[in-house]
Amino acid sequence: MNNNYALITGSTAGIGLDIAQELASRGHNILLTARREDRLKDIAEQIVADFGVAAHYVVADLGEIDAPGKIFDFCTSNNYVVDILVNNAGYSINKKFHETDEAEEEKFLRVLGTGVIALTKRFIPSMLDHKSGKIMLVSSLAAFAPPATGWGALYGPVKTFINRFGDALNLNYRAHGITATNVCPGFTVTEFHTASGMQDAMDEVPSFMKKDSKTVAKGAVDAMLKGKTVWVPGLLNKLIAFLCNNLPTSLVIRMSSSLAGGRYE
Ligand SMILES: NC(=O)c1ccc[n+]([C@@H]2O[C@H](COP(=O)([O-])OP(=O)(O)OC[C@H]3O[C@@H](n4cnc5c(N)ncnc54)[C@H](OP(=O)(O)O)[C@@H]3O)[C@@H](O)[C@H]2O)c1
(Lines give C-alpha, C1' and ligand atoms only; values in the text may rest on other atoms or scores of the structure.)
Protein backbone atom coordinates (compact mmCIF):
# COMPACT_ATOMS: atom_id res chain seq x y z
CA MET A 1 0.00 0.00 0.00
CA ASN A 2 1.35 3.45 -0.87
CA ASN A 3 2.01 6.01 1.86
CA ASN A 4 0.31 8.96 0.15
CA TYR A 5 -2.67 10.33 2.08
CA ALA A 6 -5.46 12.88 1.89
CA LEU A 7 -5.70 14.79 5.18
CA ILE A 8 -9.15 16.23 5.93
CA THR A 9 -9.77 18.55 8.87
CA GLY A 10 -13.22 18.53 10.47
CA SER A 11 -13.94 15.04 9.16
CA THR A 12 -16.27 13.80 11.93
CA ALA A 13 -19.37 15.38 10.37
CA GLY A 14 -20.93 17.16 7.44
CA ILE A 15 -18.95 18.22 4.39
CA GLY A 16 -15.59 17.01 5.78
CA LEU A 17 -16.90 13.50 6.50
CA ASP A 18 -18.44 13.29 3.03
CA ILE A 19 -15.21 14.54 1.40
CA ALA A 20 -13.27 11.85 3.29
CA GLN A 21 -15.66 9.15 2.05
CA GLU A 22 -15.65 10.55 -1.50
CA LEU A 23 -11.83 10.55 -1.63
CA ALA A 24 -11.68 7.05 -0.12
CA SER A 25 -14.16 5.81 -2.75
CA ARG A 26 -11.68 7.04 -5.39
CA GLY A 27 -8.84 5.03 -3.81
CA HIS A 28 -7.09 7.68 -1.69
CA ASN A 29 -5.75 6.76 1.75
CA ILE A 30 -7.32 8.95 4.42
CA LEU A 31 -6.14 10.86 7.49
CA LEU A 32 -8.96 12.20 9.63
CA THR A 33 -8.73 14.92 12.24
CA ALA A 34 -11.22 16.66 14.54
CA ARG A 35 -11.94 16.76 18.30
CA ARG A 36 -14.37 13.84 18.82
CA GLU A 37 -12.24 10.72 19.14
CA ASP A 38 -15.10 8.19 19.27
CA ARG A 39 -16.38 9.39 15.90
CA LEU A 40 -12.89 9.52 14.36
CA LYS A 41 -12.25 5.91 15.39
CA ASP A 42 -15.59 4.64 14.02
CA ILE A 43 -15.28 6.59 10.76
CA ALA A 44 -11.70 5.38 10.14
CA GLU A 45 -12.76 1.75 10.69
CA GLN A 46 -15.77 2.18 8.39
CA ILE A 47 -13.66 3.73 5.62
CA VAL A 48 -11.21 0.81 5.73
CA ALA A 49 -14.13 -1.68 5.62
CA ASP A 50 -16.06 0.13 2.86
CA PHE A 51 -13.27 1.20 0.53
CA GLY A 52 -10.20 -0.97 1.28
CA VAL A 53 -7.88 2.04 1.66
CA ALA A 54 -5.80 2.90 4.73
CA ALA A 55 -7.40 5.32 7.21
CA HIS A 56 -5.94 6.79 10.40
CA TYR A 57 -6.87 9.65 12.68
CA VAL A 58 -5.38 12.21 15.04
CA VAL A 59 -7.41 14.05 17.66
CA ALA A 60 -6.78 17.81 17.60
CA ASP A 61 -8.61 20.99 18.54
CA LEU A 62 -7.71 23.53 15.86
CA GLY A 63 -8.66 26.27 18.29
CA GLU A 64 -5.43 25.37 20.15
CA ILE A 65 -2.31 27.06 18.82
CA ASP A 66 -0.24 23.84 18.83
CA ALA A 67 -2.80 21.77 16.89
CA PRO A 68 -1.28 22.20 13.38
CA GLY A 69 2.10 21.11 14.75
CA LYS A 70 0.53 18.10 16.46
CA ILE A 71 -1.20 17.02 13.23
CA PHE A 72 1.97 17.52 11.18
CA ASP A 73 4.13 15.57 13.68
CA PHE A 74 1.61 12.72 13.64
CA CYS A 75 1.96 12.52 9.84
CA THR A 76 5.75 12.77 9.67
CA SER A 77 6.40 10.37 12.57
CA ASN A 78 4.26 7.75 10.81
CA ASN A 79 5.79 8.47 7.39
CA TYR A 80 2.43 9.50 5.92
CA VAL A 81 2.95 11.73 2.87
CA VAL A 82 0.11 14.25 2.57
CA ASP A 83 -0.44 15.00 -1.13
CA ILE A 84 -4.03 16.21 -0.62
CA LEU A 85 -4.85 18.68 2.14
CA VAL A 86 -8.49 19.59 2.79
CA ASN A 87 -8.87 22.52 5.19
CA ASN A 88 -12.52 22.14 6.12
CA ALA A 89 -13.07 22.41 9.91
CA GLY A 90 -15.35 25.28 10.85
CA TYR A 91 -18.27 26.66 12.81
CA SER A 92 -19.90 30.00 13.44
CA ILE A 93 -20.32 32.10 16.57
CA ASN A 94 -24.01 32.73 17.20
CA LYS A 95 -23.52 36.03 19.05
CA LYS A 96 -23.15 39.65 18.12
CA PHE A 97 -19.61 41.00 18.02
CA HIS A 98 -19.96 43.05 21.21
CA GLU A 99 -21.23 39.95 23.09
CA THR A 100 -18.13 37.81 22.51
CA ASP A 101 -14.84 38.03 24.35
CA GLU A 102 -11.51 38.34 22.60
CA ALA A 103 -10.46 34.77 23.39
CA GLU A 104 -13.61 33.43 21.73
CA GLU A 105 -12.91 35.43 18.54
CA GLU A 106 -9.22 34.42 18.56
CA LYS A 107 -10.11 30.74 18.83
CA PHE A 108 -12.59 31.17 15.98
CA LEU A 109 -9.95 32.85 13.81
CA ARG A 110 -7.49 30.03 14.59
CA VAL A 111 -9.91 27.29 13.48
CA LEU A 112 -11.07 29.06 10.30
CA GLY A 113 -8.04 31.24 9.54
CA THR A 114 -4.58 31.06 11.07
CA GLY A 115 -4.81 27.29 11.70
CA VAL A 116 -5.46 26.83 7.97
CA ILE A 117 -2.32 28.84 7.18
CA ALA A 118 -0.24 26.99 9.78
CA LEU A 119 -1.29 23.58 8.48
CA THR A 120 -0.85 24.51 4.81
CA LYS A 121 2.58 26.01 5.53
CA ARG A 122 3.74 22.74 7.07
CA PHE A 123 2.67 20.52 4.18
CA ILE A 124 3.74 22.72 1.23
CA PRO A 125 7.49 21.83 1.41
CA SER A 126 6.87 18.11 0.86
CA MET A 127 4.39 18.91 -1.95
CA LEU A 128 7.12 21.05 -3.53
CA ASP A 129 9.61 18.16 -3.21
CA HIS A 130 7.13 15.88 -5.01
CA LYS A 131 6.16 18.65 -7.50
CA SER A 132 2.55 17.74 -6.81
CA GLY A 133 -0.15 18.66 -4.32
CA LYS A 134 -3.85 19.44 -4.07
CA ILE A 135 -5.14 21.85 -1.44
CA MET A 136 -8.83 22.46 -0.79
CA LEU A 137 -10.01 25.43 1.25
CA VAL A 138 -13.62 24.96 2.31
CA SER A 139 -14.75 28.56 2.34
CA SER A 140 -18.32 29.83 1.90
CA LEU A 141 -20.63 31.84 -0.31
CA ALA A 142 -20.33 34.34 2.55
CA ALA A 143 -16.81 35.05 1.24
CA PHE A 144 -18.37 37.05 -1.59
CA ALA A 145 -21.03 38.84 0.45
CA PRO A 146 -20.62 42.05 2.44
CA PRO A 147 -19.79 41.38 6.13
CA ALA A 148 -22.82 40.81 8.34
CA THR A 149 -23.71 43.08 11.24
CA GLY A 150 -25.72 40.44 13.13
CA TRP A 151 -24.27 37.18 14.46
CA GLY A 152 -20.81 35.98 13.54
CA ALA A 153 -19.41 39.33 12.38
CA LEU A 154 -16.07 37.73 11.47
CA TYR A 155 -17.44 34.69 9.62
CA GLY A 156 -17.74 36.35 6.19
CA PRO A 157 -14.49 38.33 6.52
CA VAL A 158 -12.43 35.25 7.45
CA LYS A 159 -13.90 33.32 4.51
CA THR A 160 -13.02 36.24 2.18
CA PHE A 161 -9.51 36.12 3.62
CA ILE A 162 -9.32 32.36 2.98
CA ASN A 163 -10.35 32.86 -0.65
CA ARG A 164 -7.57 35.42 -1.10
CA PHE A 165 -5.15 33.00 0.58
CA GLY A 166 -6.18 30.33 -1.96
CA ASP A 167 -5.55 32.83 -4.77
CA ALA A 168 -2.09 33.53 -3.33
CA LEU A 169 -1.31 29.80 -3.15
CA ASN A 170 -2.23 29.41 -6.82
CA LEU A 171 -0.12 32.39 -7.86
CA ASN A 172 2.90 31.10 -5.96
CA TYR A 173 2.72 27.33 -6.44
CA ARG A 174 0.64 26.37 -9.49
CA ALA A 175 3.80 26.46 -11.62
CA HIS A 176 5.30 23.95 -9.14
CA GLY A 177 2.48 21.41 -9.49
CA ILE A 178 0.44 22.53 -6.47
CA THR A 179 -3.12 23.83 -6.88
CA ALA A 180 -5.54 25.36 -4.39
CA THR A 181 -9.32 25.20 -4.75
CA ASN A 182 -11.65 27.56 -2.89
CA VAL A 183 -14.90 25.68 -2.30
CA CYS A 184 -17.72 28.14 -1.55
CA PRO A 185 -20.95 26.39 -0.49
CA GLY A 186 -24.20 28.15 0.32
CA PHE A 187 -26.65 26.65 2.82
CA THR A 188 -25.73 22.97 3.22
CA VAL A 189 -27.48 20.44 5.44
CA THR A 190 -24.86 19.31 7.99
CA GLU A 191 -24.37 19.59 11.76
CA PHE A 192 -23.02 23.14 11.29
CA HIS A 193 -26.17 25.02 12.29
CA THR A 194 -26.90 22.83 15.33
CA ALA A 195 -23.25 22.97 16.45
CA SER A 196 -23.27 26.76 16.06
CA GLY A 197 -26.67 27.18 17.82
CA MET A 198 -28.38 28.36 14.63
CA GLN A 199 -30.61 25.44 13.68
CA ASP A 200 -33.80 27.56 14.06
CA ALA A 201 -32.53 30.04 11.47
CA MET A 202 -31.52 27.18 9.14
CA ASP A 203 -35.00 25.65 9.47
CA GLU A 204 -36.46 28.87 8.06
CA VAL A 205 -34.30 28.75 4.92
CA PRO A 206 -36.42 27.55 1.97
CA SER A 207 -35.46 24.03 0.90
CA PHE A 208 -34.66 25.10 -2.69
CA MET A 209 -31.73 27.08 -1.22
CA LYS A 210 -30.28 24.07 0.66
CA LYS A 211 -27.88 21.47 -0.71
CA ASP A 212 -27.04 18.07 0.74
CA SER A 213 -23.46 17.67 1.84
CA LYS A 214 -22.75 14.54 -0.24
CA THR A 215 -23.47 16.48 -3.45
CA VAL A 216 -21.30 19.37 -2.23
CA ALA A 217 -18.47 16.98 -1.27
CA LYS A 218 -18.50 15.16 -4.63
CA GLY A 219 -18.42 18.42 -6.61
CA ALA A 220 -15.72 19.83 -4.33
CA VAL A 221 -13.50 16.77 -4.83
CA ASP A 222 -14.03 16.89 -8.61
CA ALA A 223 -13.10 20.59 -8.66
CA MET A 224 -10.00 20.05 -6.50
CA LEU A 225 -8.73 17.10 -8.53
CA LYS A 226 -9.19 19.13 -11.74
CA GLY A 227 -7.20 21.97 -10.15
CA LYS A 228 -10.03 24.53 -10.36
CA THR A 229 -9.31 27.73 -8.43
CA VAL A 230 -12.86 28.25 -7.16
CA TRP A 231 -16.01 26.17 -7.06
CA VAL A 232 -19.49 27.27 -6.01
CA PRO A 233 -22.09 24.45 -5.74
CA GLY A 234 -25.34 24.91 -7.67
CA LEU A 235 -26.75 27.43 -10.15
CA LEU A 236 -28.51 29.58 -7.56
CA ASN A 237 -25.35 29.92 -5.44
CA LYS A 238 -23.33 30.68 -8.60
CA LEU A 239 -25.82 33.43 -9.44
CA ILE A 240 -25.57 34.87 -5.91
CA ALA A 241 -21.75 34.82 -6.13
CA PHE A 242 -21.89 36.50 -9.52
CA LEU A 243 -24.24 39.24 -8.26
CA CYS A 244 -22.11 39.82 -5.13
CA ASN A 245 -19.01 40.16 -7.31
CA ASN A 246 -20.56 42.41 -9.92
CA LEU A 247 -23.29 44.61 -8.37
CA PRO A 248 -22.59 47.71 -6.26
CA THR A 249 -22.06 46.74 -2.59
CA SER A 250 -24.89 48.98 -1.37
CA LEU A 251 -27.36 47.14 -3.62
CA VAL A 252 -26.03 43.71 -2.54
CA ILE A 253 -26.53 44.69 1.12
CA ARG A 254 -30.15 45.69 0.43
CA MET A 255 -30.82 42.41 -1.43
CA SER A 256 -29.07 40.38 1.30
CA SER A 257 -31.28 41.92 3.97
CA SER A 258 -34.35 40.31 2.47
CA LEU A 259 -32.61 36.94 1.85
CA ALA A 260 -30.85 36.73 5.23
CA GLY A 261 -33.09 38.88 7.40
CA GLY A 262 -31.43 40.35 10.47
CA ARG A 263 -27.87 39.79 9.29
CA TYR A 264 -27.60 43.07 7.45
CA GLU A 265 -29.91 45.35 9.39
N1 LIG B 1 -23.18 23.93 6.38
C2 LIG B 1 -23.22 25.08 5.69
O3 LIG B 1 -24.32 25.63 5.40
C4 LIG B 1 -21.93 25.71 5.23
C5 LIG B 1 -22.03 26.74 4.27
C6 LIG B 1 -20.85 27.33 3.83
C7 LIG B 1 -19.63 26.92 4.31
N8 LIG B 1 -19.56 25.92 5.24
C9 LIG B 1 -18.23 25.55 5.73
O10 LIG B 1 -18.06 24.16 5.57
C11 LIG B 1 -17.10 23.68 6.51
C12 LIG B 1 -17.62 22.40 7.15
O13 LIG B 1 -18.79 22.71 7.87
P14 LIG B 1 -20.02 21.70 7.98
O15 LIG B 1 -21.21 22.41 7.46
O16 LIG B 1 -19.68 20.37 7.43
O17 LIG B 1 -20.20 21.66 9.58
P18 LIG B 1 -20.30 20.43 10.63
O19 LIG B 1 -21.20 19.37 10.11
O20 LIG B 1 -20.64 21.06 11.92
O21 LIG B 1 -18.80 19.87 10.67
C22 LIG B 1 -17.77 20.68 11.19
C23 LIG B 1 -16.52 19.85 11.40
O24 LIG B 1 -15.51 20.71 11.92
C25 LIG B 1 -14.96 20.12 13.10
N26 LIG B 1 -14.54 21.15 14.02
C27 LIG B 1 -15.28 22.16 14.56
N28 LIG B 1 -14.55 22.87 15.43
C29 LIG B 1 -13.32 22.30 15.45
C30 LIG B 1 -12.13 22.56 16.19
N31 LIG B 1 -12.05 23.55 17.10
N32 LIG B 1 -11.03 21.80 15.95
C33 LIG B 1 -11.10 20.79 15.07
N34 LIG B 1 -12.20 20.47 14.36
C35 LIG B 1 -13.30 21.23 14.56
C36 LIG B 1 -16.08 19.26 13.66
O37 LIG B 1 -15.54 18.15 14.38
P38 LIG B 1 -15.46 18.00 15.98
O39 LIG B 1 -16.68 18.67 16.56
O40 LIG B 1 -15.40 16.52 16.19
O41 LIG B 1 -14.19 18.69 16.35
C42 LIG B 1 -16.72 18.73 12.38
O43 LIG B 1 -16.05 17.58 11.93
C44 LIG B 1 -16.86 24.84 7.49
O45 LIG B 1 -15.63 25.46 7.21
C46 LIG B 1 -18.02 25.79 7.22
O47 LIG B 1 -17.68 27.13 7.50
C48 LIG B 1 -20.70 25.31 5.71
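See the structure above.
Asks: What should I look at first to understand the overall build of the protein chain in this one?
Replies: Helix and strand counts for the protein chain come out as ten helices and nine strands. Relative to a compact globule of 265 residues, whose C-alpha radius of gyration would be 18 Å, the protein chain shows 18 Å and is just as compact. In terms of its C-alpha atoms, the protein chain occupies a principal-axis envelope of roughly 55 × 40 × 35 Å. Classification of the 265 residues of the protein chain by burial places 42% in the buried group. Restricting to contacts in the protein chain with at least 6 residues of sequence separation, those with at least 24 account for 70%.

Asks: Would you mind showing me how to read the site of the ligand here?
Replies: Near the ligand, the surroundings consist of 27 residues, among which Gly 10, Gly 14, Arg 35, Gly 90 and Phe 192 are the closest. Only helix H1 (14–25) and helix H6 (192–195) provide two or more residues apiece to the shell around the ligand. With three residues, the top contributor of residues to the shell around the ligand is H1. For the shell around the ligand, the class distribution of residues is twelve nonpolar, eleven polar and four charged.

Asks: What exactly am I supposed to notice about the sheet that holds strand E4 (residues 81–87) here?
Replies: Across the sheet, which stays open at both edges, the seven strands sit in the order E3-E2-E1-E4-E5-E6-E9 with parallel pairing between neighbours. In this open sheet, the two edge strands, each paired with only one partner strand, are strand E3 (55–59) and strand E9 (230–231). As paired elements, strand E1 (residues 4–9) and strand E2 (residues 29–34) share five bridges and run parallel to each other. Each bridged residue has a counterpart across the sheet, and for Ala 6 the counterpart in E2 is Ile 30. The sheet strands contacting H1 are E1, E2, E3, E4 and strand E5 (133–138), and the helix crosses E1 at an angle near 165 degrees. Relative to the sheet, helix H4 (residues 102–130) contacts E4, E5 and strand E6 (178–183), its axis offset from that of E4 by approximately 145 degrees.

Asks: Would you mind going over helix H3 (residues 67–77) with me for this structure?
Replies: In an α-helix, one full turn covers 3.6 residues, which means residues spaced three or four apart are oriented alike. Of the positions making up H3, those classed as buried are Ala 67, Pro 68, Ile 71 and Cys 75. Looking straight down H3, one finds its buried side chains confined to an arc of 105 degrees; they lie on one side. On its buried side, H3 packs onto E1, E2, E3, E4 and H4. Positive phi appears at Asn 79, one or two residues downstream of H3, with a value of about 65 degrees.

Asks: Got a minute to help me understand the nonpolar core in this structure?
Replies: Buried together is how nonpolar side chains tend to be arranged in soluble globular proteins. Judged by nonpolar contacts, the single largest core of 65 residues is most densely connected at Ile 30 and Leu 32. Counting residues per element, this core draws most heavily on H4, which supplies seven residues. Not counting residues within four places of it along the chain, the set of residues in contact with Leu 32 comprises Ile 8, Ser 11, Ala 20, Leu 40, Ile 43, Ala 44, Ala 55 and Tyr 57.

Asks: Where do I start with the environment of Ser 213 in this structure?
Replies: Turning to its location among the elements, Ser 213 is positioned in helix H8 (residues 213–225). Look past the residues within four positions of Ser 213 in its chain and what remains in contact with it is Gly 14, Ile 15, Asp 18, Thr 188, Val 189 and Thr 190.

Asks: What am I meant to see in the packing of H1 against H8 here?
Replies: Geometry of a packed helix pair, given as the angle between the helix axes and the separation of the axes. Across the interface, H1 lies against H8 with an axial gap of 8 Å and an inter-helix angle of 55 degrees. Comparing their axes, H8 and H1 come out oblique. Seen from above, H1 lies across H8 with right-handed handedness. Each of Gly 14, Ile 15, Asp 18, Ile 19, Glu 22 and Leu 23 in H1 lies in contact with H8, whose residues at this interface are Ser 213, Lys 214, Val 216, Ala 217, Lys 218, Ala 220 and Val 221. Considering only residue class, the contact of H1 with H8 consists of seven nonpolar, two polar and four charged.

The rules behind each value
- Residues numbered from 1 in each chain as written.
- Predicted model: local features only at pLDDT ≥ 70, side-chain atom pairs only at ≥ 80, totals over all residues.
- Helix = DSSP H or I, 4+ residues; strand = E, 2+ residues; numbered from the N terminus.
- Rg over C-alpha atoms; globule rule 2.2 N^0.38 Å.
- Buried ≥ 20, exposed ≤ 12 C-beta atoms within 10 Å, placed from the backbone.
- Contact = placed C-beta atoms within 7 Å.
- Near = placed C-beta within 6 Å.
- Nonpolar A, V, L, I, M, F, W, Y, C, P; charged D, E, K, R; others polar.
- Pairing = 2+ DSSP bridges.
- Axes fitted to C-alpha atoms, helices over the stretch in contact; angles between N-to-C directions.
- Arc of directions from axis to C-beta.
- Core = buried A, V, L, I, M, F, W, Y, C linked by C-beta atoms within 7 Å.
- Parallel < 35°, antiparallel > 145°, perpendicular 65-115°, else oblique.
- Left-handed = near helix turned anticlockwise from the far one by under 90°.

Nothing here speaks to function; it is geometry throughout.
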